[in-house]
Amino acid sequence: MAPVNIAVVGLGYWGPNLVRNLWETDRVQVVAVCDPNPRARGPIARRYPSIRAVASYEDLLADEDVDAVAIATPVHMHFAMARAALLAGKHVFVEKPMAGRSQDCLELMALADERSLVLMPGHTFLYSPPVRKIKKLLDDGELGELFFATFSRVNLGIHQSDVSVVRDLGPHDFSMLLYWLGKPTFVRAIGRDAVGSGQLDVAFVDMGLPNGALVHMEFSWLAPTKLRRTVLVGSGKMVVYEDTSPEQVRVFDRGVEMIEPQSFGEYQLSYRSGDVLSPRLDADEPLRLEMQDFVDCVASGETPVSSAALGYSVVQMIEATENSLTFNGSPCSLGAEPGEQRQAGDRRRSDGGMPVVGRLAAPGV
Ligand SMILES: NC(=O)c1ccc[n+]([C@@H]2O[C@H](COP(=O)([O-])OP(=O)(O)OC[C@H]3O[C@@H](n4cnc5c(N)ncnc54)[C@H](O)[C@@H]3O)[C@@H](O)[C@H]2O)c1
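The rules we used
Numbering of residues begins from 1 in every chain and follows the order in which that chain's sequence is written. For this predicted model, a pLDDT threshold of at least 70 governs which residues receive local features, and a threshold of 80 or more governs which side-chain atom pairs are given and counted, while totals over whole chains, interfaces and linings are taken from all residues. Side-chain calculation: all heavy atoms of the structure are included, whereas hydrogens and water are not. Residues form patches when they are more than 30% accessible in relative terms and have no salt bridge. Like charges link within 9 Å. Nonpolar side chains (Val, Leu, Ile, Met, Phe, Trp, Tyr) link within 5 Å. Residue exposure ignores everything except the shown protein chains as possible cover, and the areas themselves are Shrake-Rupley values with a 1.4 Å probe. Each reported salt bridge corresponds to a side-chain nitrogen of Lys or Arg within 4 Å of a carboxyl oxygen of Asp or Glu. Numbering of helices and strands runs from the N terminus, with a helix taken as a DSSP run of H or I at least four residues long and a strand as a DSSP run of E at least two residues long. Points on a 1 Å grid over protein atoms alone make up a cavity when a 1.4 Å probe fits among them but cannot get out, and a pocket when they form an open set with protein on both sides within 12 Å along at least five of seven lines; lining residues each have an atom within 4 Å of a point. Grid points are joined across faces, edges and corners, and a volume is the space filled by probe spheres set on the points. Charged residues are taken to be Asp, Glu, Lys and Arg, nonpolar residues to be Ala, Val, Leu, Ile, Met, Phe, Trp, Tyr, Cys and Pro, and polar residues to be all remaining types, Gly included. Two strands are counted as paired when DSSP detects at least two bridges linking them. Throughout, exposure labels follow a simple rule: accessible area from a 1.4 Å probe, protein chains only, divided by the maximum for the residue type, with under 20% read as buried, over 50% as exposed, and the rest as partly exposed. Interaxial angle, 0 to 180 degrees, is taken between N-to-C directions of lines fitted to C-alpha atoms, where a helix line uses only the stretch in contact. Note on definitions: a residue-residue contact is assigned when non-hydrogen atoms from the two residues lie within 4.5 Å.

Our next topic: a nonpolar patch on the surface. Where nonpolar side chains cluster on the molecular surface, the patch consists of Val256, Met258, Tyr267, Leu269 and Tyr271 and spans about 600 Å² of accessible area. Going through the elements one at a time, strand S13 (249-259) and strand S14 (268-277) are the ones with two or more residues in the nonpolar patch. Locating leucine 269 in the fold gives a position in strand S14.

As C-alpha cells, this is what we get:
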C-alpha cells in the first residue's frame, strides 16, 4: 500500500512533536512542514533535510502530492485552516479544540462527509494508556453501576490572555468523559476571574449523565500544587487516576452495601474494604498512537477513536459551560434540537425540574 503523504502545519511548541511522531509512524511520509515564521521552520529543516519546509499554507494546499495535513496552529485558526484543507481535498488532523464554535464543527464534519475525507480532532488523552485502561474497566462492567465521577485539573498555571480556564483545560476532561461515559444531559457551572486578568481562572462544572451518575469537574490556574486527579465511584469498584503519580491507575475493591433487613426497618450498611490493584499499563506514547490512528484511518476510511463527532461534543460542552457561567450557574441542556436555544430565566421547559439553556444536538457520540 502506498504511504500517506502528510504535511505538518504550525511549528511552534506542539507542531515539532507531531513531526517527530509522524516520522516514526508506519505507512506515512512527512513530505512537508509549513510555518510563516522562518525561525520555526529552521530547526525542523536542519533536523529533517528531506522534508520540504514552506512558508505559505495556500501553496501547501495546492500541492497535489500532499494527501493529508496535521494542523497545530493557534486555536482561533483551526476552523479556517481545516476548512481550506478539506475544500482542497486533504484529510485533516487538527489540534483540539477542532473549532471555536460547535456550528463550525458541524460545517467541517459536513465537508469531510461530502468528500469522504477523514477529519480528526487531536484529543490526545484518548490514546493514553491509563485512559484506555479505565475505558476497558468501564466497558467490562468492573465498576458496577457508576454513581459519580470527579475530575480535578488545577495548578499554578500560566494565565492565558485569549481563553478562559474552561477552554484551556476543559477539553482534556470533557474528551475523557465523552470517551468513557458518553454525553451528559446537562451542564452547570460557576467560576470567577480571581486575579482580575480578564479571563476566568477558576471554574467548577457539574454535569448529569443519562443513567443518573453525577460528574464534578474543577479547573484552575490558581492552586498551590498540581493536581491531575480523576475518581470514579461505582457500586462494584472505585478507580483513582492520577497523571502525576507513579501508579497512575488504582482500582479499589471498596464500597458500601445495604444488608437485607432481618425484621421490618432494620436496614444495615456493610462496608467492603478489599484489595487495591495497580494494573500494568502499556508504555506507548499517546501522541504516536494518535498519529498512527489518523494514518490508519486515512488509509482505511474508518473513523478514528478521536472522532469528529466526539470533538464536536467537546465544543458543545465548552459552549454549554460558558452559557451556564453567563446565566449564573443555570443548567444548560446538551440535548436540545438545533435552533432551540432558551435562556435560563425561561422555566416553561425543564429538564429534571431545572431551567434549560438549550444547545445543538450531537450527531451520535
Ligand atoms: N494535544 C496536546 O496535548 C496539545 C499540547 C499543546 C498544544 N496543543 C495544541 O497545539 C496547537 C498549537 O499550540 P502551540 O502551543 O504549539 O502554539 P504556538 O503558538 O507555539 O505555535 C503555533 C505556530 O503556528 C504558526 N502559524 C501561525 N499562522 C500560521 C499559518 N498560516 N500557517 C502555518 N503556521 C502558522 C506560528 O508561526 C507558530 O509557530 C494548539 O491548538 C494547541 O491547543 C495540543
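Summed over the entire model, instances satisfying the criterion amount to one cavity of 30 Å³ or more. What lines the largest cavity is Phe125, Ser152, Arg153, Asp173, Met176, Arg228, Arg229, Thr230, Tyr241 and Asp243. In terms of residue class, the lining of the largest cavity is built from three nonpolar, two polar and five charged.

In this structure, the largest pocket occupies an estimated 1300 Å³ of space. Taken together, 38 residues form the lining of the largest pocket, with Tyr13, Trp14, Lys96, Asp168 and His172 sitting closest to its centre. At four residues, the largest contribution of residues to the lining of the largest pocket is made by helix H7 (residues 165-181). Of the residues in the lining of the largest pocket, the class split is 13 nonpolar, 15 polar and 10 charged. Its boundaries defined by the atoms lining it, the second largest pocket holds a volume of some 290 Å³. In this structure, the second largest pocket is lined by 14 residues; those nearest its centre are Asp113, Leu117, Leu119, Thr303 and Ala308. Only helix H5 (102-114) and helix H9 (308-326) provide two or more residues apiece to the lining of the second largest pocket. Here the element with the most residues in the lining of the second largest pocket is H5; it accounts for three residues. Here the residues of the lining of the second largest pocket are counted per class, giving eight nonpolar, four polar and two charged.

What follows is about the pairing of strand S8 (residues 186-192). Bridge count for S8 against strand S9 (residues 202-208) is seven bridges, and the pairing is antiparallel. Following the sheet pairing, isoleucine 190 is matched in S9 by phenylalanine 204. As judged from the two bridges shared by S8 and strand S15 (residues 332-333), these two strands associate in the antiparallel manner. Bridge pairing in S15 links phenylalanine 186 to serine 333.

Enumeration over the complete set of coordinates arrives at 17 salt bridges. Its salt-bridge partner being aspartate 296, residue arginine 27 comes within 2.9 Å of it at the nearest N-O pair. Separated by 269 residues along the polypeptide, arginine 27 in the loop between helix H1 (15-23) and strand S2 (28-34) and aspartate 296 in helix H8 (residues 286-300) bring together distant segments of the chain. A salt bridge links arginine 280 to aspartate 282, with the nearest nitrogen and oxygen atoms 3.7 Å apart. For aspartate 282, a relative accessible area of 47% gives the class partly exposed. Counted as one network, the salt bridges with shared partners bring together Arg229, Glu242 and Arg250.

In this section: the sheet that holds strand S6 (residues 119-122). Reading across the sheet, the six strands line up as S3-S2-S1-S4-S5-S6 and stay open at both edges, with parallel pairing between neighbours. In the strand order of this sheet, the two ends are held by strand S3 (52-54) and S6, each with one partner. Sheet twist, expressed as the mean angle between neighbouring strand axes with direction ignored, is 20 degrees. Bridge count between strand S1 (residues 4-9) and S2: six bridges; the pairing is parallel. Each bridged residue has a counterpart across the sheet, and for asparagine 5 the counterpart in S2 is glutamine 29. Of the strands in this sheet, S1, S2, strand S4 (68-71), strand S5 (91-95) and S6 touch H8, which is tilted by about 160 degrees from S5.

So, to be careful, I would describe these as geometric facts and stop short of saying anything about function.
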